[in-house]
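Reading the structure
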Amino acid sequence: MSSKKIIVALDSSNLNNTLKLVKILKEEVHSFKVGYQFFFNFGISGYKKIYRICPRIFLDLKLHDIPNTVKKGLGALIKIKPILTTIHITGGDSMMKSTKNVKKSTKILGVSILTSMDKTQTYKYYNKKNISLLVKKFAKYAKENNLDGVVCSPNEIEFIRKEVGKKFIIVTPGIRINKDIKSDDQKRISTPQKAIEMGSNLLVIGRPITKSKDPLRVLKEINKTLI
């Protein structure tokens, strides 16, 4: 697997532009994240086109259903060989345990609290204002149920790393080159260097790279700061 730490999010509805971007960036990334927007637009055929260029794909579909449904869904999903995929920790112990015999070469990450949620939202839906403690608890459950890692915002990295130890994978979205961006739909954000220093293994970055005038240059500059 690549020693790079950046996962580039391919949030796009333009297939040709996305494929060109993958060709340009493939040597400088850990992997590419394929989420709802791309997958629902282009499906398995679009996924396979990316896979032929770069087989290191993080398929981020955040499965959340009854245990048997998630198990069967993962059984189908691993046939297209993503290196990482996601399920919601809030699906419960049985749902997480159902992944045990279908993981194979695909690492399964638990999604804790979405980075778009702030204290007001977590209080409304989880009856908790302390996001860090809530995410720490979720990460503990993910480890107890044999998931390979978690997805969490930069604000929770240190709490989780202390809770789960060194071997558990932490993947962090909400990464911005300039953390003071105000018009952002993610509430809990940080810079690449800071997130790695706090204990994250892999960083998900989308728009700061993909929407730049020179994506390869921007990615290389970020990589230099993480050596």
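Our subject is the structure listed above.
Residues numbered from 1 in each chain as written. Predicted model: local features only at pLDDT ≥ 70, side-chain atom pairs only at ≥ 80, totals over all residues. Heavy atoms only, no water.

**Side note on the overall build of the protein chain**
Let me state the cut-off plainly: Helical segments are the DSSP runs of H or I of at least four residues, strand segments are the runs of E of at least two, and each set is numbered from the N terminus. Throughout, radius of gyration means the C-alpha value; the globule benchmark is 2.2 Å times the number of residues raised to the power 0.38. Partly exposed describes any residue whose relative accessible area lies between the buried limit of under 20% and the exposed limit of over 50%, with all areas from a 1.4 Å probe on protein chains only and scaled to the type maximum. Whether two residues touch is decided by their heavy atoms; if any such pair falls within 4.5 Å, the residues are in contact. In this tally Asp and Glu are treated as negative and Lys and Arg as positive; neither His nor the chain ends contributes. For this purpose, a charge sits on NZ of Lys, CZ of Arg, CG of Asp or CD of Glu.
Regarding its fold elements, the protein chain presents ten helices and eight strands. Taking 227 residues into account, the globule formula puts the C-alpha radius of gyration at 17 Å, and the protein chain, at 17 Å, falls close to it. For the protein chain, the spread of C-alpha atoms along the three principal axes comes to 40 × 40 × 30 Å. Per-residue burial over the protein chain gives 52% buried out of 227 residues. Partitioning the intrachain contacts of the protein chain with sequence separation of at least 6 by distance along the chain shows that 63% fall at a separation of at least 24. When the 44 basic and 18 acidic side-chain charges of the protein chain are each reduced to a single mean position, those positions are 5 Å apart.

**Notes on the sheet that holds strand 8 (residues 202-205)**
Neighbouring strands of a sheet are bound in pairs by backbone hydrogen bonds; such pairs are parallel or else antiparallel. Selection rule: Two strands are counted as paired when DSSP detects at least two bridges linking them. Angles here are taken between N-to-C directions and fall from 0 to 180 degrees, while the axes themselves are lines fitted to C-alpha atoms, restricted in helices to the stretch in contact.
Judged by pairing direction, the barrel is parallel, and its eight strands sit side by side in the order 1-2-3-4-5-6-7-8 before closing back on the first. Across the sheet, the mean angle separating the axes of adjacent strands is 25° when strand polarity is ignored. With five bridges connecting them, strand 4 (residues 84-88) and strand 5 (residues 107-111) associate as parallel partners. Note on strand 5: the bridge partner recorded for Ile87 is Gly110.

**Observations concerning helix 10 (residues 215-225)**
Just so we agree on the cut-off: Note that the arc is defined by the directions from the helix axis to the C-beta atoms.
By the burial criterion, the buried members of helix 10 are Pro215, Val218, Leu219, Ile222 and Asn223. Burial along helix 10 is one-sided: seen end-on, the buried residues are contained in an arc of 135°.

**Concerning the nonpolar core**
Our working rule: By convention a nonpolar core is built from buried Ala, Val, Leu, Ile, Met, Phe, Trp, Tyr and Cys residues, the set being connected through side-chain atoms within 4.5 Å.
Ile6, Ile87 and Ile209 are the most contacted members of the largest nonpolar core, which has 59 residues in total. In contact with Ile87, other than residues within four places in its own chain, are Lys62, Leu63, Val70, Leu74, Met95, Met96, Thr99, Ile108, Leu109, Gly110, Val111 and Leu147. Ranked by size, the runner-up nonpolar core spans eleven residues in total, among them Ile7, Ala9, Ile169 and Leu202.

**Concerning the pairing of strand 3 (residues 57-63)**
Inclusion rule: Look down the strands so they point away from you; if going from the first strand over the helix to the second traces a clockwise path, that crossover is right-handed.
Burial runs high along strand 3: six of the seven residues are buried. Here strand 2 (residues 31-34) pairs with strand 3 via three bridges, running parallel. Among the inter-strand pairings, Lys33 is bridged to a residue of strand 3, identified as Phe58. Read from strand 2 through helix 2 (residues 36-53) to strand 3, the crossover connection turns out right-handed. In the sheet, strand 3 pairs with strand 4 via three bridges, with the strands oriented parallel. Opposite Phe58, over in strand 4, you have Leu84 as the bridge partner. With helix 3 (residues 67-77) bridging strand 3 and the parallel strand 4, this β-α-β connection has right-handed handedness.

**With respect to the packing of aromatic side chains**
Where we set the bar: Pairs were defined over the aromatic rings of Phe, Tyr and Trp, the Trp ring being its six-membered one, requiring ring centres within 6.5 Å. Orientation was assigned from the angle between planes: stacked under 30 degrees, edge-to-face over 60, tilted for the rest. Geometrically, a charge over a ring is one whose NZ (Lys) or CZ (Arg) sits within 6 Å of the ring centre while staying within 35 degrees of the ring normal.
Under the criterion given, the structure shown has five aromatic pairs. Centroid distance Phe38 to Phe42: 4.9 Å. Interplanar angle 55°. Geometry classified as tilted. Placement of both Phe38 and Phe42 in helix 2 is noted, with a separation of four residues, approximately one turn of the helix. Between Tyr126 and Phe138, the ring centres sit 6.0 Å apart and the planes meet at 70°, which makes this aromatic pair edge-to-face. Highlighted residues: Tyr126 in helix 5 (residues 119-126) and Phe138 in helix 6 (residues 131-144), separated in sequence by twelve residues. Cation over ring: Lys129 sits above Tyr123, and NZ or CZ is 5.2 Å from the ring centre.

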